[in-house]
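Descriptive analysis of the structure
The residues making up each chain are set out below.
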Amino acid sequence: MNAQQPQHNMTGIILMCAGVALLCVNDALAKGLMDHYSPIQIIFMRNSIALPFATLLAIRMVGFGGLRSNRVGVHFMRTVIWITATIMFFTSIHLMGLAEATALAFVAPLFITAISSVLIARVGWRRWLAVMVGFIGVLVIVRPGAATFEPVSLLPVATAFTYALLMLSARLLDARESMWTLLFYLSFTSTILSGAVVWYFWTPIRVEDIGLFIAIAFVGTGGMTMITQAFRVADAPTVAPFDYTALVWATGLGWFFWGETPDLLTFVGAAIITASGIFIIFREKRVAES
């Protein structure tokens, strides 16, 4: 083992936790902005504000070559998927509790495992069992057939499925491209695609909301950068479980700003989803090492 690996892992954990916290703040800002603006307008404003900084960052870190890609079409395809996922998630957190929506969205690793078993590689029975247990957690939260069931609760699950497709499509990207290039193209393509239709949904921006749009651009970009860097400096199985700290942040932010208090079954379902996701992460590490 590299003598510096424990230190690198600690750095990765800190970056992961900070990045997750920023993305939760991003979601909370989006939830507040959804009272007055469409998801498309929020996406456009966030990425158009972040684009100059993502461009300068890519040039600063890897030079002007960081603005070039051999897979521009793939970047646009992935951005369509990402925008679709974001619209569904923003809509879900607008209509339901932040913590509940976040917990349901964490079934993405389960979808990744299930889809991978069909398209990429065989998945063993242990991981399949973890996937099934995880979806039991979804049923605990959603409670289909119960009087409290709301169809909107399926939106975060659909978000998770779309996000899984986004993660798996990363295999189509050029492995030589840096994280800074990926960050630049995400901001660039999102600005173009959302800008092409945003005028159909445009609402005049209130003066008091300008600061919120600037904030969402910086926390969203900063959170994505930190999480990406965490996976670069540390072992993926070490930092990946800390993604679930988002449940703590989402619960706290939802309670502080909107007085949202998830019920007991939501906590139980979230715990089941988290446990199954973490098991899959460590099981995949063991399979990779065998």
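The model shown is predicted, which means the values in this text are computed figures rather than measured ones. (Residues numbered from 1 in each chain as written. Predicted model: local features only at pLDDT ≥ 70, side-chain atom pairs only at ≥ 80, totals over all residues. Heavy atoms only, no water.)

Re the overall build of the protein chain
As a reminder, the rule being used: Secondary structure counts use DSSP, requiring at least four H or I residues in a row for a helix and at least two E residues in a row for a strand, with both numbered from the N terminus. Radius of gyration means the value over C-alpha atoms here, while the globule rule gives 2.2 Å times the residue count to the 0.38 power. Think of it in three bands: with a 1.4 Å probe and only protein chains considered, a residue is buried below 20% of the maximum accessible area for its type, exposed above 50%, and partly exposed in between.
If you tally the helices and strands in the protein chain, you get 12 helices and zero strands. In terms of overall size, the protein chain behaves like a compact globule, its C-alpha atoms giving a radius of gyration of 19 Å where 290 residues would be expected to give roughly 19 Å. Overall, the protein chain is about 50 × 45 × 35 Å in size when its C-alpha atoms are taken along their principal axes. Relative to its full complement of 290 residues, the protein chain shows a buried share of 49%.

A look at the pattern of salt bridges
Which entries qualify depends on this criterion: A pairing counts as a salt bridge when a side-chain nitrogen of Lys or Arg comes within 4 Å of a carboxyl oxygen of Asp or Glu.
Evaluated as defined, the whole model comprises four salt bridges. In this structure, Lys31 and Glu260 form a salt bridge, with 3.2 Å as the shortest nitrogen-oxygen distance. Of this pair, Lys31 sits in helix 1 (residues 5–33) while Glu260 sits in the loop between helix 11 (246–258) and helix 12 (264–289), placing them 229 residues apart in sequence. Here the two residues Lys31 and Glu260 agree in accessibility, since each one is buried. The shortest N-O distance in the salt bridge between Arg206 and Asp209 comes to 2.9 Å. Given a relative accessible area of 31%, Arg206 falls into the partly exposed group. Each member of the salt-bridge network shares a partner with another, and the members are Arg206, Glu208 and Asp209.

Focus on the UniProt feature "domain: EamA" (unreviewed entry) in the protein chain
As a reminder of what qualifies: UniProt positions are given in the numbering used here, feature names are shortened, and annotations may be inferred rather than shown by experiment.
In the numbering used here, UniProt assigns the "domain: EamA" (unreviewed entry) feature to residues 11–142 and 155–281. Within residues 155–281, the helical portion is 71% and the strand portion 0%, while the C-alpha atoms at the span's ends are 24 Å from each other.

Here's the deal with the nonpolar core
Selection rule: We define the nonpolar core as a collection of buried residues of types Ala, Val, Leu, Ile, Met, Phe, Trp, Tyr and Cys that are connected through side-chain atoms lying within 4.5 Å of one another.
One finds Ile42, Phe90, Ile93, Leu104, Val107, Val138 and Phe213 to be the most contacted residues of the largest nonpolar core, which totals 65 residues. Formed by eight residues, the second largest nonpolar core is a distinct cluster that contains Ala54, Ala58, Met179 and Tyr185.

Here we look at the side chain of Ser69
Here is the rule we go by: N or O atoms within 3.5 Å of each other form a polar contact, as long as, within protein, one can give a hydrogen and the other can take it, and as long as residues adjacent in sequence are counted only when both atoms are side-chain atoms.
Structurally, Ser69 is set in the loop between helix 2 (39–62) and helix 3 (72–95). Residue classification places Ser69 among the buried positions, given a relative accessible area of 15%. Side-chain polar atoms of Ser69 contact the backbone nitrogen of Arg71, separated by 3.0 Å. Separated by 3.3 Å, the side chains of Ser69 and His75 make a polar contact.

Digging into a nonpolar patch on the surface
Put simply, the test is: Like charges are joined within 9 Å and nonpolar side chains (Val, Leu, Ile, Met, Phe, Trp, Tyr) within 5 Å, but only among residues with over 30% relative accessible area and no salt bridge; these make up the patches. Method for areas: the Shrake-Rupley scheme with a 1.4 Å probe, in which residue coverage is limited to the protein chains shown.
The grouping of Phe53, Val207, Ile210, Ile214 and Phe218 at the surface amounts to a nonpolar patch, some 490 Å² of accessible area in total. With three residues, the top contributor of residues to the nonpolar patch is helix 9 (residues 210–233). Take Phe218: it is sitting in helix 9. Taking the relative accessible area as the measure of exposure, Phe218 reaches 45% and is therefore partly exposed.

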